[in-house]
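Fold and contact review
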Amino acid sequence: MHPAAEADWAIETRGLSKAYGSVHVLAGLDLRVRRGSVFALLGPNGAGKTTTVRILATLTRADAGQAVVAGHDVTAARSRVRRAISLTGQYAALDEEQTGEENLRMMARLRGHSRSAARNRATELLERFALTEAGRRRVSTYSGGMRRRLDIAAGLVTDPQVVFLDEPTTGLDPRSRRTMWETIGSLTRAGVTVFLTTQYLEEADRLADHVAVLDGGRVRAEGTPEELKKTVAAQRLDLTMTGRSAYAELAGQLGERALHRAPEELVLGVATDGSAAHVRTLLDELDPTRAQVAHFSLHSATLDDVFLELTHE
Amino acid sequence: MSDLADCTVLAGRSVRLTRRNPDAVITALVLPVLLMLVFVYFFGGAIETNTGKYVTYVAPGVLILCAGYGASMTATTVSDDMTGGIIDRFRSMDTGPTAVLSGHVAASVARNAAATAAVLAVAFAIGFRPHAGPAEWLAAIGILLLYITTLSWLGAAAGLLAKTPEAAGGFTFAMLFLPYPSSAFVPIDTMPDWLHGFADHQPVTPVIESLRGLLLDQPTGNSPWLALGWCLGLLAVALPLCAVLFRRRTG
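What you are looking at is a predicted structure, and each value in this text was computed from that prediction instead of being measured. (Residues numbered from 1 in each chain as written. Chains lettered and ligands numbered in written order. Predicted model: local features only at pLDDT ≥ 70, side-chain atom pairs only at ≥ 80, totals over all residues. Heavy atoms only, no water.)

Let us now look at the overall build of chain B. In terms of helices and strands, chain B carries 11 helices and 0 strands. Taken from the N to the C terminus, the helices and strands of chain B come in the order α-α-α-α-α-α-α-α-α-α-α. The C-alpha radius of gyration computed for chain B amounts to 18 Å, which stays within 12% of the reference 18 Å derived for 251 residues, consistent with globular compactness. Overall, the C-alpha framework of chain B stretches about 60 × 35 × 35 Å when taken along its three principal axes. Here chain B holds 251 residues, and the buried ones make up 53% of them. Across chain B, contacts joining residues at least 24 apart in sequence account for 79% of those joining residues at least 6 apart. For chain B, the exposed area adds up to about 10,600 Å²; of that, 69% sits on carbon and sulfur atoms. Charge centroids of chain B, computed over 14 positive and 15 negative side chains, lie 11 Å from each other. (Helix = DSSP H or I, 4+ residues; strand = E, 2+ residues; numbered from the N terminus. Rg over C-alpha atoms; globule rule 2.2 N^0.38 Å. Buried < 20%, exposed > 50% of the residue type's maximum accessible area, 1.4 Å probe, protein only. Contact = heavy atoms within 4.5 Å. Areas by Shrake-Rupley, 256 points an atom, 1.4 Å probe, with all protein chains shown as cover. Lys, Arg positive; Asp, Glu negative; His and termini not counted. Charge placed at Lys NZ, Arg CZ, Asp CG, Glu CD.)

Printed below as a string of C-alpha cells:
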C-alpha cells in the first residue's frame, strides 16, 4: 500500500473493461476520485455509467483492469470495500411494506448494530433527512423524493467513506431534485466522498468538484466544471440565418469551427470571447454582405455544450 | 456481522412482510383450513378409509398440502427480492446469499408452523382425534418441519431460477400437485393401477404415511426412514443448487 496515494484517492481505476456479449460497455476506463470530493460521471443513456458504479460497488466483476475503492481492491478485498461504501441505485432498494423506520433499523442491524443502536441510528437518520414524521408510515405511501432520501439514508447506517449514487435525481420533480441536491451537498460536509452518475449537466455543474464525461465506455473529457466549459469556449455566438441556403453556405464555410448546429432553427454557433470588438469582427467576417444573418445571440458556455461537443456522433 | 444474526433479522423482515400482505396471510393460513373443510365435508362422505372418520385420515394430508402452499410463497418472496433493487443493497452491505436465503426459509418455516397449528386446531374442532404419545408427536412434528424446510429450500431455488415472481409461483406447481397422487387424501389402493407405482414411490407418500402412522398410533413400517431419506436427499440437491443459482443470478 502507498500511504500517500491512499490519502489522496478514494477511488482509482485503471483500464476497466466490461463487455456483455459483443457489446463493449466499458472500454478501458481510467478514473481518479479525490477523497472528500463530489465526483460526477456524466453521460447519455447506455454510456456505461451504471456498469461503472456496479463494478466499483463490487456487484459486477470487470473483465479486465483494476479498481481500488477506499484503499482496497474491489475484487481481491471485496468485503473490505463493502464495509467502506454504500450504494443507492436507480431503483429504490427498500421494502415497500415496511415503514421508513423499520427499513432503516433493518439495514442498521444487517450492518452489525445492536437492536438499540439500530433504533437510535434510525431515529437520527430520519431526523437528518427530514423524514421523522414519515418514518412511521409504510414506504408505499412515500413520494418519489422521500423514497430517494430514505434510500440514501439507508446507505448511511454505518458512516461509509464512499457513497455511490446512481442517477439520484432521475424521475424527480424539480422541487425534490433541489432537496436532493441539498442532501448530497450535506454528505460531503461530513467528509464523505460522493461518486454520482447523472445525465443532467446542471446537476453535475451544481454538485461536482470534478466531472468525467463518459461515452462509448471511455472517458471523453474530465476536469472541474469550469475547466470543461473552457475547453469548449468561454462564450458562444449563435447566428440565426435568413434561410436554408444561407445556413448551408455558412455551415460549409465554418466546417469544424461551428460549435453548435441547429438546422431546424437555422442557427449556427461559433466561439467568441464575448467582447463587442470580436463579435463585430465575426459578424463582418461571416456575413460580409450583411444579408444572411437575421439575428444573433450570445451564450455563456454550459456543460451542455461540452457534453454535446464530446458525445455527438 | 455473522450470517446467523443477519438471518434472524431477515427472517423477522419476511414474517413482517407476510403479515402486511393480506393475500399472503390468506394463502398461508385460511386456504389450508378451507381446503380441509372442503375435503372433510364435500368429499369426505364418499371416501372410505380404514381410520374411522375421514377427518382423522385427511388431517395429515392437509398439513402436507399446506406446506406446499407455504413453500411456493418462498419462491415468490425470493424472486421479489432478486428482481427488485434490494438484493443489490444487501450484497453491497456484504449480507451474503446464505443469510438472505435462509432468512426466507426460516420465515417460511415460521409461517408454516402457524398454518399447521391453525389446521390442527380446526381439525380438532371438527373431530380429529389422534392417538399419539409425546414421543410420537415430537417425531411427527420433526418430520413435518424437515419436510417444510426441504420444500422451502426447493422454493428458494425456484425463486432464484424464475425471471419474475409470477413465474416463480408457477415453478412450484409440482409441490402443490404432488400430494394429490399420494395417500394424502385417498388410499392409494383406490387409485388406478398405473398410478400405484408413482404414488407409492414419490416423496410425499412416505411423509404422509409417517405422520399418519405416528399420530394415529398405527404401524409406520420404514416410512419415517424413507421420508428422512427423501428430505435429506432433496436438501442435498436444493442447497448447492441455490448457491449456484444465486451466483449465476448476481454474477
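With that settled, the discussion passes to the interface of chain A and chain B. Between chain A and chain B, the residue contacts involve 29 residues of the former and 20 residues of the latter. Roughly 2,300 Å² of surface becomes buried between chain A and chain B when both sides are summed, with 52% attributable to carbon and sulfur atoms. Of all residues in chain A, Leu-59, Arg-82 and Leu-110 of chain A bury the most surface against chain B, accounting for 27% of the area lost on that side. At the boundary of chain A and chain B, one finds 5 salt bridges. Among the ionic pairs, Arg-54 of chain A bridges to Asp-88 of chain B, the shortest N-O distance being 2.7 Å. (Buried area = accessible area lost by both parts, 1.4 Å probe. Salt bridge = Lys/Arg side-chain N within 4 Å of Asp/Glu carboxyl O.)

The next point concerns unusual backbone geometry. Residues and elements named next belong to chain A. Its identity as a non-glycine residue notwithstanding, Leu-266 has a phi of 60°, on the positive side. Among the structural elements, Leu-266 can be located in the loop between β12 (260-262) and β13 (267-272). Exposure remark for Leu-266: the relative accessible area of 17% places this residue in the buried category. You will see that Arg-290, though not glycine, has its phi angle at about 55°, which is positive. Here Arg-290 shows up in the loop between α11 (276-286) and β14 (293-300).

For the rest of this paragraph, the subject is the domain arrangement of chain A. The domain boundaries assigned to chain A delineate domain 1 (9-228) and domain 2 (232-311). Using C-alpha coordinates to define each centre, domain 1 of chain A is positioned 39 Å away from domain 2 of chain A. (Domains from an automatic or database assignment.)

Residues and elements named next belong to chain A. If you walk across this open sheet you meet the 4 strands as β2-β1-β4-β5, and the pairing is antiparallel. The open sheet is flanked by β2 (23-34) and β5 (72-73), the only strands paired with a single partner. Strand direction decides the pairing type here: strand β4 (residues 64-69) and β5, joined by 2 bridges, are antiparallel. Across the sheet, the residue bridging to Val-68 is Asp-73, located in β5. (Pairing = 2+ DSSP bridges.)

The next subject is the environment of Ser-300 of chain A. All names here are of chain A. Inspection of the secondary structure puts Ser-300 in strand β14. The class of Ser-300 is partly exposed, set by a relative accessible area of 48%. C-alpha separation for the pair Ser-300 and Arg-236, spaced 64 residues apart in sequence, amounts to 6.3 Å.

Residues and elements named next belong to chain B. Taken as a whole and judged by the stated rule, the model has 8 aromatic pairs over all chains. On the basis of an interplanar angle of 75° and a centroid distance of 5.3 Å, the ring pair of Phe-39 and Phe-43 is categorised as edge-to-face. Of the two residues, Phe-39 and Phe-43 are both situated in helix α2 (residues 22-43); the distance of 4 residues between them amounts to about one turn of the helix. Looking at Phe-39, the relative accessible area reads 6%, which means it is buried. (Phe/Tyr/Trp six-rings, centres within 6.5 Å; stacked < 30°, edge-to-face > 60°.)

This part is about the sheet that holds strand β11 (residues 235-241) of chain A. All names here are of chain A. Taking strand neighbours across the sheet as the criterion, the 4 strands line up as β12-β13-β11-β14 in an open arrangement whose pairing is antiparallel. Since the sheet does not close on itself, it has two edges, and those belong to β12 and β14, each with one partner. Averaged over all pairs of adjacent strands, the angle between strand axes in this sheet comes to 20°, irrespective of strand direction. When β11 meets β13, the two strands line up antiparallel, connected through 6 bridges. Directly across from Gln-235, in β13, lies its bridge partner Thr-272. The strands touched by helix α10 (residues 244-254) within the sheet are β11, β12 and β13, with β13 carrying the most contacts at an inclination of about 35°. Running over the sheet, α11 touches β11, β13 and β14 and is turned about 135° from β13. (Axes fitted to C-alpha atoms, helices over the stretch in contact; angles between N-to-C directions.)

What follows concerns the state of the cysteines. A covalent bond between the sulfur atoms of two cysteines is what we call a disulfide. All names here are of chain B. Using the criterion set out here, one finds 0 disulfides over all chains in the structure. Free of any disulfide, Cys-7 has its nearest neighbouring cysteine sulfur in Cys-242, separated by 13 Å. A relative accessible area of 14% places Cys-7 in the buried class. A relative accessible area of 1% means that Cys-242 is categorised as buried. (Disulfide = S-S within 2.5 Å.)

Residue and element names in this part refer to chain B. Within this numbering scheme, the UniProt entry marks residues 24-43, 55-78, 99-126, 138-161, 168-188 and 225-246 as carrying the feature "transmembrane region" (unreviewed entry). Secondary structure across residues 24-43 divides into 100% helix and 0% strand, with the first and last C-alpha atoms of the span separated by 26 Å. Along residues 99-126 the backbone is 96% helical and 0% strand, and the end-to-end C-alpha distance reaches 40 Å. (UniProt positions renumbered as here; feature names shortened; annotations may be inferred.)

Right, let's get into the layout of surface pockets. There is about 640 Å³ of room inside the largest pocket. What lines the largest pocket is a set of 27 residues, and nearest its centre among them are Leu-17, Asn-21, Thr-77, Asp-80 and Asp-81 of chain B. Where the lining of the largest pocket is concerned, the elements lending two or more residues are α1 (3-19), α2, α3 (54-83) and α5 (97-125) of chain B. Tallied by class, residues from the lining of the largest pocket come to 8 nonpolar, 10 polar and 9 charged. Around the second largest pocket, the lining is made up of 26 residues, and of these Arg-78 of chain A together with Pro-97, Phe-246, Arg-247 and Thr-250 of chain B lie nearest the centre. Contributing elements (two or more residues each) for the lining of the second largest pocket: α3 (78-84) of chain A together with α5 and α11 (223-250) of chain B. Counting residues per element, the lining of the second largest pocket draws most heavily on α11 of chain B, at 6 residues. (1 Å grid on protein atoms, 1.4 Å probe; cavity = no way out; pocket = protein on both sides within 12 Å on 5 of 7 lines; lining within 4 Å. Points joined across faces, edges and corners; volume = space filled by probe spheres on them. Nonpolar A, V, L, I, M, F, W, Y, C, P; charged D, E, K, R; others polar.)

With that out of the way, let us pick up helix α2 (residues 49-56) of chain A. All names here are of chain A. Counting buried positions over the 8 residues of α2 gives 6, a clear majority of the element. Buried residues of α2: Lys-49, Thr-51, Thr-52, Val-53, Ile-55 and Leu-56, and no others. Count one or two residues on from α2 and you reach Thr-58, which has phi positive near 70°.

What follows concerns empty space enclosed by the protein. With the rule as written, the count across this model stands at 1 cavity of 30 Å³ or more. Considering only enclosed or pocket space, the largest cavity measures out at about 40 Å³ in volume. Taken together, Ser-86, Leu-87, Arg-111, Ala-154, Gly-155, Val-157 and Thr-158 of chain A together with Arg-89, Ser-92 and Met-93 of chain B make up the lining of the largest cavity. For the lining of the largest cavity, the elements supplying multiple residues, two or more each, are β6 (85-88) and α6 (144-155) of chain A together with α4 (86-92) of chain B. For the lining of the largest cavity, a count of residues per class yields 4 nonpolar, 4 polar and 2 charged.

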